[in-house]
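Spelled out from the first residue to the last, the chains are:
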Amino acid sequence: MSDHVVMHVKGRVLVGPEDVRDELWVVGGRITYRRPAGAAEEITVRGWALPGLVDAHCHVGLDAHGAVDDATSERQALTDREAGTLLIRDAGSAADTRWIDDREDLPKIIRAGRHIARTRRYIRDYAHEIEPDDLVAYVAREARRGDGWVKLVGDWIDREAGDLTACWPRGAVEAAIAEAHRLGARVTAHCFAEDSLRDLVEAGIDCVEHATGLTEDTIPLFAERGVAIVPTLVNIATFPALADGGEAKFPRWSAHMRRLHERRYDTVRSAHDAGIPVFVGTDAGGSLAHGLVAAEVAELVKAGIPPLDALSATSWGARAWLGRPALEEGAPADLVVYDTDPRADVRALAAPRRVILNGRVVG
């Protein structure tokens, strides 16, 4: 859009949960609440405007077999964009997607680099697979390569034990997290089960993905330390099928996965009620489809999180947590416009009327 063309968004602009304004303008790709003078042309968009949605656990550049080519990465990013996801925290990818940063028509990505896993303890071709003595060095490497995040695999199936077990000794994660923090990066970890959580939190981790293993013993610890969770409930829905597939070879693991699935809603609701920050993430890009952000928000509401909190978990709150602006004066004009108020019914998120990225209507 030319700098001489002004976009006028009219209706209800949800600057914050309770901060609702009647209009905003887009000038030079940025938001302003001051009526511009002398515009040669004005484009008007009407509806309920929300900051561009956040998917805080998404894998652009990855599919079920590992890294994908640029064309596939582009299709993934476009699918997310069409769903209204304009900011992605890429929670681990084997592909180099830096070229996306040069595309003003694709969502903005905050990268955690490549997963760091224990040898033969994660999905093949996804991660750096290393032993504990090398953890600090690899965390430092990914901290320098990423955008302020590092992703560990905290637990996975141990074939000898026949069940999920923690991947790293306490001392290794303490040293690794300290090194990431020294380099200015936050650390998150994939964790399905219970065993790894206390060590990771007491070692200073910033976030845990999935967190299905939270219990009444560890929930207070997360709340006290302010450790966020990204539950990825649309992914946890796949646990029964995974359990069925592993039943013959790993019956203990299968039973464990079913238990984690059965209590998933109670786990997330208890975490929220205790004051643990909860954010929206879909885990798209492995075996899960992209564009599921609205479904994940609906799942959080189904779990018992108040609709306004679930909405914040993919908009105002999520952007603040990631250090990115929402609809403030001068911010990049990344917003989604709906026909109805998404605060009244989060199902509105499934049907964006307009998607505006960097001040341009892209969907």
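Residues numbered from 1 in each chain as written. Predicted model: local features only at pLDDT ≥ 70, side-chain atom pairs only at ≥ 80, totals over all residues. Heavy atoms only, no water.

## Remarks on a positive patch on the surface
On the surface, R120, R124, R159 and K249 cluster together to form a positively charged patch. Positionally, K249 belongs in the loop between α7 (239–246) and α8 (251–262). What makes K249 exposed here is its relative accessible area of 68%. (Patch = residues over 30% accessible without salt bridge, like charges linked within 9 Å, V, L, I, M, F, W, Y side chains within 5 Å. Areas by Shrake-Rupley, 256 points an atom, 1.4 Å probe, with all protein chains shown as cover. Salt bridge = Lys/Arg side-chain N within 4 Å of Asp/Glu carboxyl O. Lys, Arg positive; Asp, Glu negative; His and termini not counted. Charge placed at Lys NZ, Arg CZ, Asp CG, Glu CD. Helix = DSSP H or I, 4+ residues; strand = E, 2+ residues; numbered from the N terminus. Buried < 20%, exposed > 50% of the residue type's maximum accessible area, 1.4 Å probe, protein only.)

## Observations regarding the pattern of salt bridges
Taken as a whole and judged by the stated rule, the model has 29 salt bridges. For R111, the salt bridge is made with D147, and the minimal N-O distance between the two is 3.3 Å. Taken as a pair, R111 in strand β9 (residues 108–111) and D147 in the loop between α2 (135–145) and β12 (149–153) lie far apart in primary sequence, 36 residues in all. The exposure class of D147 is partly exposed, given its relative accessible area of 27%. Through salt bridges with shared partners, a single ionic network connects R170, E174, R198, D199 and E202.

## Notes on the nonpolar core
If you look at the biggest cluster of nonpolar residues, it comprises 78 residues, and the most contacted ones within it are L135, I205, F222 and L300. Grouped together as the second largest cluster of nonpolar side chains are 15 residues, M7, L24, A333 and V337 included. (Core = buried A, V, L, I, M, F, W, Y, C linked by side-chain atoms within 4.5 Å.)

## So, the sheet that holds β9
Ordered in space as β5-β8-β9, the three strands form an open sheet in which the pairing is parallel. The strands lining the two open edges of the sheet, one partner per strand, are β5 (53–58) and β9. Averaged over all neighbouring strand pairs, the angle between strand axes comes to 20°, with direction disregarded. With four bridges connecting them, β5 and strand β8 (residues 85–90) associate as parallel partners. Bridged to V54 within β8 is L87. (Pairing = 2+ DSSP bridges. Axes fitted to C-alpha atoms, helices over the stretch in contact; angles between N-to-C directions.)

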